[in-house]
Amino acid sequence: MQDVKEMREVYCDSLIEMAATDPRIVVVEADLMNCIKTGPFKKAYPDRFFDVGVAEANMIGISAGLATCGKIPFCSSFGTFATRRCYDQIFISVAYSKQNVKIVGTDPGIAAEINGGTHMPFEDMGIMRGIPGMVCVEPTDCAMLKSLMPQIVEHKGPVYIRLFRKKTEKVFEDGAAFDLFKAFTLRKGTDVTIIASGIMVSRALEAADLLKERGISAEVINVYTWKPIDEETIAKSLAKTGAAVVAENHNVFNGLTSAVSEVAAKLCPVPVESVAVKDQFGEVGKMPYLSDRYGLNVGNIVDAAIKATKRKI
């Protein structure tokens, strides 16, 4: 079942609601306010909305400047442009300078669909993970986004939000509460741990159902904050199940697979299989085709889980 609202609508609604009591919140756009649907914020707070045009690096610089004046800027663009195009400005003007800027990258991974390879961020979380002090989060659905937004505002420091723009699969009930720095265990299991983020969470739950029919008990954990990652929850689950699958709509390098593998190597060495984009560029297509093309389907998770359990010592 899909969410009633698009995630970008919930993002804007949350900003408007919080801005009513927090004058520090401002929005900075690079001429994509129609895509991210922040027009209602501009209408509600015209003096707190800044469109810098098609100049993403400048957007980051202006956001950093606003942060030095005590504002909390939320700036957004497509994930490729919000990260790759202005990486040095993020690294120096925001992170190195310890500025309180919130960066939103939309259309994660295959969600870019017909915009194609130039707009398809398979590496955005990886490169943002490499910035000291950067918090990297991918909300799963509208309920989670709404819960996390106030915490993102209150967190003092830079945050990268990997945001699915349109309607996504509804995983959590409205009003559900989440901790920005804790993973969420959706299902208990004993044979294998499936760790998933974003659009892969609902697919991981489907895979767990199919695995149950095969006599394999899968624990499903939604790791929505990739950095800092919840080591305790992950290590505890790996110690119980002895095997893991990581499902991410991202390049297998430097993303969630890498983050989970780092935890496993450090705290609980177990076999780790990955369902992710295997070091490839994006291409034009719709979600069903792209899911097949890059091996991000439910069946891929099932196969990886079976393989992981067979690798157990």
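Quantities reported herein were computed from a predicted structural model and do not represent experimental measurements.

## Re the overall build of the protein
Then, number 1: A count of helical and extended segments in the protein gives 13 helices and 12 strands.
Then, number 2: Here the protein has a C-alpha radius of gyration of 19 Å; the compact-globule value for 313 residues is 20 Å, and the two agree.
Then, number 3: Taking the principal axes of the C-alpha coordinates as reference, the protein spans close to 60 × 35 × 35 Å.
Then, number 4: Looking at the protein as a whole, 59% of its 313 residues are labelled buried.
Then, number 5: A separation of at least 24 residues holds for 79% of the contacts in the protein among residues at least 6 apart in sequence.
Then, number 6: Of the roughly 12700 Å² that the protein leaves accessible, carbon and sulfur atoms contribute 55%.
Then, number 7: Positive and negative charge centroids in the protein, built from 37 and 38 side chains respectively, lie 2 Å apart.

## Digging into the packing of aromatic side chains
Then, number 1: For the structure on display, the rule yields nine aromatic pairs.
Then, number 2: When the centroid spacing of 5.1 Å and the interplanar angle of 85° are considered together, the rings of Phe172 and Phe184 count as edge-to-face. Taken as a pair, Phe172 in the loop between strand E6 (159-163) and strand E7 (184-187) and Phe184 in strand E7 lie far apart in primary sequence, 12 residues in all.
Then, number 3: Given a relative accessible area of 5%, Phe172 falls into the buried group.

## Observations regarding the pairing of strand E12 (residues 272-277)
Then, number 1: Within E12, six of the six residues are buried, which leaves it mostly tucked inside the rest of the structure.
Then, number 2: With five bridges joining them, strand E11 (residues 244-251) and E12 adopt parallel strand pairing. In the sheet register, Ala247 faces E12, and the bridge partner there is Val275.
Then, number 3: Taken together, E11, helix H11 (residues 256-267) and E12 constitute a β-α-β crossover, and its handedness is right-handed.

## Focus on the packing of helix H4 (residues 56-68) against helix H6 (residues 87-96)
Then, number 1: H6 packs onto H4 with a crossing angle of 5° between their chain directions and a minimal axis gap of 9 Å. When the interaxial angle is binned, H4 and H6 end up roughly parallel. Of the residues in H6, those touching H4 at Ala57, Ile60 and Ala64 are Gln89, Ile90, Ser93 and Val94.
Then, number 2: Broken down by class, the residue content of the contact of H4 with H6 amounts to five nonpolar, two polar and no charged.

## Observations concerning the pattern of salt bridges
Then, number 1: Scanning the model with the defined rule gives 23 salt bridges in all.
Then, number 2: Glu17 is paired through a salt bridge with Lys146; the nearest N and O atoms lie 3.2 Å apart. Of this pair, Glu17 sits in helix H1 (residues 7-19) while Lys146 sits in helix H8 (residues 142-154); the two residues are 129 residues apart in sequence, bridging distant segments of the chain.
Then, number 3: Using a relative accessible area of 51% as the deciding quantity, one classes Glu17 as exposed.
Then, number 4: The class for Lys146 is partly exposed, based on a relative accessible area of 46%.
Then, number 5: For Arg24, the salt bridge goes to Asp22, with nearest N and O atoms at 2.8 Å.
Then, number 6: On the basis of relative accessible area, Arg24 is assigned to the partly exposed category, the value being 33%.
Then, number 7: One network of salt bridges, in which partners are shared, links Asp3, Lys170 and Asp174.

Rules behind the numbers
Residues numbered from 1 in each chain as written. Predicted model: local features only at pLDDT ≥ 70, side-chain atom pairs only at ≥ 80, totals over all residues. Heavy atoms only, no water. Helix = DSSP H or I, 4+ residues; strand = E, 2+ residues; numbered from the N terminus. Rg over C-alpha atoms; globule rule 2.2 N^0.38 Å. Buried < 20%, exposed > 50% of the residue type's maximum accessible area, 1.4 Å probe, protein only. Contact = heavy atoms within 4.5 Å. Areas by Shrake-Rupley, 256 points an atom, 1.4 Å probe, with all protein chains shown as cover. Lys, Arg positive; Asp, Glu negative; His and termini not counted. Charge placed at Lys NZ, Arg CZ, Asp CG, Glu CD. Phe/Tyr/Trp six-rings, centres within 6.5 Å; stacked < 30°, edge-to-face > 60°. Pairing = 2+ DSSP bridges. Right-handed = clockwise from strand over helix to strand, strands pointing away. Axes fitted to C-alpha atoms, helices over the stretch in contact; angles between N-to-C directions. Parallel < 35°, antiparallel > 145°, perpendicular 65-115°, else oblique. Nonpolar A, V, L, I, M, F, W, Y, C, P; charged D, E, K, R; others polar. Salt bridge = Lys/Arg side-chain N within 4 Å of Asp/Glu carboxyl O.

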